[in-house]
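Each chain, letter by letter, is given below.
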Amino acid sequence: LVVTDSRSEANEVKEMLEICREYIIAIRLKGAISENASNPARCTELSAYFTHCNLQPAHLLLALRSAMGTSFKQKNFISAAGFARRLLELPDMSSERNADLRVKATKVLQKSEQMARNEHQLNYNESATFKIDCQKFLPIYAGESSIKCSYCGSEYSDPAMQNQICPTCSFCLVGVQTIGLVTGS
């Protein structure tokens, strides 16, 4: 537990909690990708969701590279093109150390635009804003009902998660209304 001495320290702790939540979700998604290795459509979906975790730019670059490669290998060219575009838009892509990746992303984008189709139907809309269901690893789009962990803020679409221990933080019951993280003396 943490005690803070000022409002700025309290805000820092809350920001760190959000960062931790995003990285735990990302790690859990990577584990789910490995568990679903025999299901190409689900692996591609999970890779896509992984790119929507709020990660540091260097880690987002890795997530986009992985999703682009997975989509391209699974012949989901429309998805691969979207990830290649997002990758090429990152500020880090202009650095010399990412020159090879920039060339690869450009080639994937060109080939994907040429093929212009997806082999697998995905439950993924790259242009829609969504939260990730931290139990089922599916998108929760704006307007859809969900319940939250009061401590870490992880969201769940399944009402059966009510009063269950949050799989993200393993600290709080999902859907129970509390004041959440309390900082200060």
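So, here's what we can say about the structure. Here the structure is a predicted model, which is why all the values come from computation and not from measurement.

**A closer look at helix H4 (residues 77–89)**
Working step 1: In this model, H4 (13 residues) spans 18 Å end to end at C-alpha, consistent with the 18 Å of a helix rising 1.5 Å per residue.
Working step 2: Along H4, the residues classified as buried are Phe77, Ser79, Ala80, Ala81, Gly82, Phe83, Ala84 and Leu87.
Working step 3: Contacts from the buried residues of H4 go to helix H2 (40–50), helix H3 (57–73) and helix H5 (99–115).

**Section: the pattern of salt bridges**
Working step 1: Tallied over the full model, the rule gives 4 salt bridges.
Working step 2: Between Arg85 and Glu113 there is a salt bridge whose closest N-O contact spans 3.2 Å. Of this pair, Arg85 sits in helix H4 while Glu113 sits in helix H5, placing them 28 residues apart in sequence.
Working step 3: Arg85 sits in the partly exposed class, given a relative accessible area of 36%.
Working step 4: Its relative accessible area of 45% is what places Glu113 among the partly exposed residues.
Working step 5: Taking the shortest distance from any N to any O, the salt bridge between Glu119 and Arg117 comes out at 3.2 Å.

**Description of the packing of helix H1 (residues 7–35) against H2**
Working step 1: At a minimum axis distance of 9 Å, the contact between H1 and H2 shows a crossing angle of 165°. Regarding the angle of H1 to H2, the classification is roughly antiparallel. You can see that H1 and H2 cross each other, and the crossing is left-handed. In this structure, H1 contributes Ala26, Leu29, Lys30, Ala32 and Ile33 to the contact, and H2 contributes Cys43, Leu46, Ser47, Tyr49 and Phe50.
Working step 2: Class assignment of the residues belonging to the contact of H1 with H2 gives a composition of 8 nonpolar, 1 polar and 1 charged.

**Topic: the state of the cysteines**
Linking two cysteines covalently via their sulfur atoms produces the bond known as a disulfide.
Working step 1: Under the criterion given, the structure shown has 0 disulfides.
Working step 2: Of all cysteine sulfurs in the structure, the one in Cys166 sits closest to Cys134, which takes part in no disulfide; the separation is 6.7 Å.
Working step 3: Cys149 supplies the cysteine sulfur nearest to Cys172, a cysteine that is in no disulfide, at a spacing of 4.3 Å.
Working step 4: Its relative accessible area of 12% is what places Cys172 among the buried residues.

**Describing the side chain of Ser79**
Working step 1: As for its position among the elements, Ser79 is in helix H4.
Working step 2: What makes Ser79 buried here is its relative accessible area of 9%.
Working step 3: Residues contacting Ser79, with those up to four places away along its chain left out, are Ser71, Asn118 and Leu122.

**Points about the packing of aromatic side chains**
In this description, an aromatic ring pair is defined by two values, namely the gap between the centres and the angle between the planes.
Working step 1: On inspection of all chains with the given rule, the structure shows 7 aromatic pairs.
Working step 2: Judged by centre distance (4.6 Å) and plane angle (50°), the ring pair of Tyr151 and Phe171 falls under tilted. Here the residue Tyr151 occupies a position in the loop between strand E3 (147–148) and strand E4 (155–156), and Phe171 occupies one in the segment after E4, the gap between them amounting to 20 residues.
Working step 3: Phe171 sits in the exposed class, given a relative accessible area of 52%.
Working step 4: Here the aromatic cluster, defined as three or more aromatic residues joined through ring pairs, consists of Tyr49, Phe83, Tyr124, Phe130 and Tyr141.

**Some details on the layout of surface pockets**
Working step 1: Of the pockets and cavities examined, the largest pocket occupies roughly 430 Å³.
Working step 2: Contributing to the lining of the largest pocket are 22 residues, with Glu22, Phe130, Lys131, Ile132 and Glu155 lying nearest its centre.
Working step 3: Sorting the residues of the lining of the largest pocket by element identifies H1, strand E1 (130–132) and strand E2 (139–141) as the ones contributing at least two each.
Working step 4: Counted by class, the lining of the largest pocket contains 9 nonpolar, 7 polar and 6 charged residues.

Cut-off values and rules
Residues numbered from 1 in each chain as written. Predicted model: local features only at pLDDT ≥ 70, side-chain atom pairs only at ≥ 80, totals over all residues. Heavy atoms only, no water. Helix = DSSP H or I, 4+ residues; strand = E, 2+ residues; numbered from the N terminus. Expected span 1.5 Å × (residues − 1). Buried < 20%, exposed > 50% of the residue type's maximum accessible area, 1.4 Å probe, protein only. Contact = heavy atoms within 4.5 Å. Salt bridge = Lys/Arg side-chain N within 4 Å of Asp/Glu carboxyl O. Axes fitted to C-alpha atoms, helices over the stretch in contact; angles between N-to-C directions. Parallel < 35°, antiparallel > 145°, perpendicular 65-115°, else oblique. Left-handed = near helix turned anticlockwise from the far one by under 90°. Nonpolar A, V, L, I, M, F, W, Y, C, P; charged D, E, K, R; others polar. Disulfide = S-S within 2.5 Å. Phe/Tyr/Trp six-rings, centres within 6.5 Å; stacked < 30°, edge-to-face > 60°. 1 Å grid on protein atoms, 1.4 Å probe; cavity = no way out; pocket = protein on both sides within 12 Å on 5 of 7 lines; lining within 4 Å. Points joined across faces, edges and corners; volume = space filled by probe spheres on them.

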